[in-house]
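Chain and residue survey
Each chain, written out:
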Amino acid sequence: MDRRDADKKAEKPERTGTVGGGTAENTGAERQAAGAPGEKAGEGVPAMMEEVLRRENLMAAYKRVVRNRGAGGVDGRTVDDLEHQIREDWPRIREQLSSGSYEPSPVRKVEIPKPGGGGVRTLGIPTVMDRMIQQALRQALTPIFDPTFSEDSYGFRPGRSTHQAVLRGKEHIEAGYRWVVDLDLEKFFDRVQHDVLMARVARRVKDKMVLRLIGRYLRAGMMEGGLMSPRTEGTPQGSPLSPLLSNILLDELDKELEQRGHRFVRYADDFQVYVKSKAAGDRVMASLERFLEKRLRLKVNREKSAVDRPWKRKFLGYRTFLGYRPTVDPKPKLQPAPESVKRLKRKLKVLFRRGRGRSIDRTIAELNPILRGWGHYYRLVDVDGVFADLDKWTRRRLRLLLWRQWKQPRTRVKELRKRGLTQSRATTSAYSGHGPWWNAGAQHMNRAVPISTFSQMGIVSLLDQHRRLMRTS
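Keep in mind that what you see is a predicted model, and the values were worked out from it rather than measured. (Residues numbered from 1 in each chain as written. Predicted model: local features only at pLDDT ≥ 70, side-chain atom pairs only at ≥ 80, totals over all residues. Heavy atoms only, no water.)

Further remarks concern the overall build of the chain. If you tally the helices and strands in the chain, you get 21 helices and 10 strands. The burial tally for the chain puts 52% of its 473 residues in the buried class. Residue pairs in contact within the chain that sit at least 24 positions apart in sequence constitute 73% of those at least 6 positions apart. About 22,500 Å² of surface is accessible on the chain, with carbon and sulfur atoms providing 48% of the total. (Helix = DSSP H or I, 4+ residues; strand = E, 2+ residues; numbered from the N terminus. Buried < 20%, exposed > 50% of the residue type's maximum accessible area, 1.4 Å probe, protein only. Contact = heavy atoms within 4.5 Å. Areas by Shrake-Rupley, 256 points an atom, 1.4 Å probe, with all protein chains shown as cover.)

What follows is the structure in structure tokens.
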């Protein structure tokens with residue numbers, strides 16, 4: 001997972017829930033999937049597979065898949081079709097799972113651009129039925145593996161979050177570890193070796209039926225353009241099981257770092273090791289590269305990896321810096337990484353371009369969820385200047401939208417007069433000859449459409465939201 005898209009998370013952060021499910025009233029599909037209360041998976045079914053097929057576990061998996069929504073797989077069915085599919089197909093699928101004969105459907109290949117234009121990320125989208133089965137598997141396996149994971153592993157674990165990982169890294173820097181070994185695993189989710197991963201799963205799971213099912217999910221073909229290609233390596237992002245499997249594999253890296261006494265933080269395949277000197281960092285980088293390639297068969301991307309100061313690297317969309325007066329206040333502080341700010345602006349520009357033929361109220365309605373999610377993700381930021389700058393930039397973009405919508409100079413004169421400018425000032429401004437972006441930032445537009453106007457329209461202010469979050473934290 002890439003800086004998760006942490007930056008992607010930044011726009012809409014993922015919540016990691018607890019294992020299991022609630023006690024909400026069952027739907028018909030849930031009852032069908034779960035079977036009758038107290039029903040056993042069948043004669044001769046191992047205990048682990050019984051847990052996977054347990055009524056409450058399947059109910060929780062069904063609810064999670066429906067709640068997460070997501071795109072359909074190769075069969076074209078969406079989560080809205082899952083209830084009907086369960087009613088029709090579940091008895092047959094349950095029997096196949098109980099007998100060990102179930103064969104997963106191929107996954108649908110989807111490529112999305114990486115943030116910053118760094119190539120594409122491959123997603124493998126399972127069918128909604130396979131997503132439910134994988135979610136049930138994950139819920140049964142998590143209590144076995146999660147308690148053994150490192151305290152410094154935060155990705156896709158119950159009760160853990162990106163914010164905890166960022167704060168843990170900040171603690172290490174505050175303790176004087178002001179060099180960071182920032183390792184990037186090259187195409188991690190595409191390069192995982194199945195035999196290496198399954199050997200680690202089998203250390204704690206003895207149920208051969210469950211192991212066989214996991215192996216089949218790893219090897220399920222990938223469909224693109226109507227053609228299916230087999231998979232001999234990788235566990236593409238997009239499936240409920242993939243995050244847990246990645247943690248199982250990389251837990252060996254965590255244990256190695258703990259044994260060596262290193263300070264580190266890991267969130268899925270994003271991890272940093274904190275040391276006190278560049279020389280120590282160079283030694284750690286070289287030894288970890290050897291360990292990853294020999295023990296886990298993972299390749300380090302040397303172009304994206306480095307030993308550097310923390311304030312020159314980013315972690316999960318954040319960057320640490322020493323403040324504007326480090327001699328007076330030496331404690332490190334957090335701010336959004338510059339790349340995260342640029343990524344937000346690129347996303348908003350697309351929305352603003354679409355807004356040229358729409359009302360300003362509709363544009364603001366689409367803008368607010370993005371701003372609210374971004375501000376919530378970056379609530380750990382210690383200085384609020386970046387939020388003030390983004391608010392100013394957003395208001396200027398909205399003024400630009402209004403200026404372009406007014407189109408003709410005579411319309412601009414009319415609109416400026418309506419908003420309190422004198423006839424002379426409105427005429428001079430409307431016929432100035434300057435371009436739209438200049439006019440959007442000029443004094444006449446700031447007077448005609450002040451901050452109070454946008455507040456009345458209900459636009460989210462990142463600065464106000466951040467200060468409110470700081471008061472309540």
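With that settled, consider unusual backbone geometry. Positioned with a positive phi, Arg297 is a non-glycine residue whose angle comes to about 55°. Within the element layout of this structure, Arg297 appears in the loop between helix H12 (278-295) and strand S8 (306-308). Of note, the phi angle at Leu316 is positive, near 55°, even though the residue is not glycine. Note that Leu316 resides in the loop between S8 and strand S9 (318-321). Given the relative accessible area of 2%, Leu316 is considered buried.

Inspection of the entire model under this criterion finds eight aromatic pairs. Where Tyr318 meets Tyr377, the ring centres are 5.7 Å apart and the plane angle is 45°; that geometry is what we call tilted. Here Tyr318 is found in strand S9, whereas its partner Tyr377 is found in helix H14 (residues 360-377), with 59 residues between them in sequence. Classification of Tyr318 by relative accessible area gives buried; the value is 2%. Consider the rings of Trp374 and Tyr378, whose centres lie 4.5 Å apart with planes at 45°: the pair is tilted. Grouping residues by exposure puts Trp374 and Tyr378 together as buried. Ring-pair connections join several aromatic residues into one group, and the members of that group are Tyr318, Trp374, Tyr377, Tyr378 and Phe387. One residue, Arg160, lies across the ring of Tyr154, its end atom 4.9 Å from the ring centre. (Phe/Tyr/Trp six-rings, centres within 6.5 Å; stacked < 30°, edge-to-face > 60°. Lys NZ or Arg CZ within 6 Å of the ring centre and 35° of its normal.)

With the rule as written, the count across this model stands at 29 salt bridges. The residue Asp182 makes a salt bridge to Arg313 at a minimum N-O spacing of 3.0 Å. Here Arg313 lies in the loop between S8 and S9 and Asp182 lies in strand S3 (residues 179-184), a separation of 131 residues in the sequence. As a salt-bridge pair, Arg200 and Glu252 come within 2.5 Å of each other at their nearest N and O atoms. (Salt bridge = Lys/Arg side-chain N within 4 Å of Asp/Glu carboxyl O.)

With that settled, consider the sheet that holds strand S6 (residues 263-267). Taken in spatial order, the four strands line up as S6-S7-S3-S8 in an open sheet, and their pairing is antiparallel. Either end of the sheet is taken by a strand with one partner, and the two such strands are S6 and S8. Across this sheet, the average inter-strand angle for adjacent strands is 20°, counted without regard to direction. With six bridges joining them, S3 and strand S7 (residues 270-275) adopt antiparallel strand pairing. For Val181, the partnering residue across the bridge sits in S7 and is Val273. Helix H7 (residues 162-174) rests against S6 and S7 of the sheet, and its axis sits at about 165° to S6. (Pairing = 2+ DSSP bridges. Axes fitted to C-alpha atoms, helices over the stretch in contact; angles between N-to-C directions.)

Turning next to helix H6 (residues 128-145). With 18 residues, H6 extends 25 Å from end C-alpha to end C-alpha; this agrees with the ideal 26 Å at 1.5 Å per step. Burial analysis of H6 places 16 of its 18 residues in the buried class, which makes it a mostly covered element. (Expected span 1.5 Å × (residues − 1).)

What follows covers a positive patch on the surface. There is a patch of like positive charges on the surface, built from Lys342, Arg346, Lys349, Arg353, Arg356 and Arg404. It is helix H13 (residues 338-354) that provides the largest number of residues to the positive patch, a total of four residues. (Patch = residues over 30% accessible without salt bridge, like charges linked within 9 Å, V, L, I, M, F, W, Y side chains within 5 Å. Lys, Arg positive; Asp, Glu negative; His and termini not counted. Charge placed at Lys NZ, Arg CZ, Asp CG, Glu CD.)

Viewed as axis vectors pointing N to C, H6 and helix H10 (residues 208-219) meet at an angle of 130°, and their least axial separation amounts to 12 Å. Looking at the two axes, H6 sits oblique to H10. Note on packing geometry: the crossing formed by H6 with H10 is left-handed. Together, Asp130, Ile133, Gln134, Leu137 and Leu141 of H6 and Val210, Leu213, Ile214 and Tyr217 of H10 make up the contact between the two elements. Of the residues belonging to the contact of H6 with H10, the class tally is seven nonpolar, one polar and one charged. (Parallel < 35°, antiparallel > 145°, perpendicular 65-115°, else oblique. Left-handed = near helix turned anticlockwise from the far one by under 90°. Nonpolar A, V, L, I, M, F, W, Y, C, P; charged D, E, K, R; others polar.)

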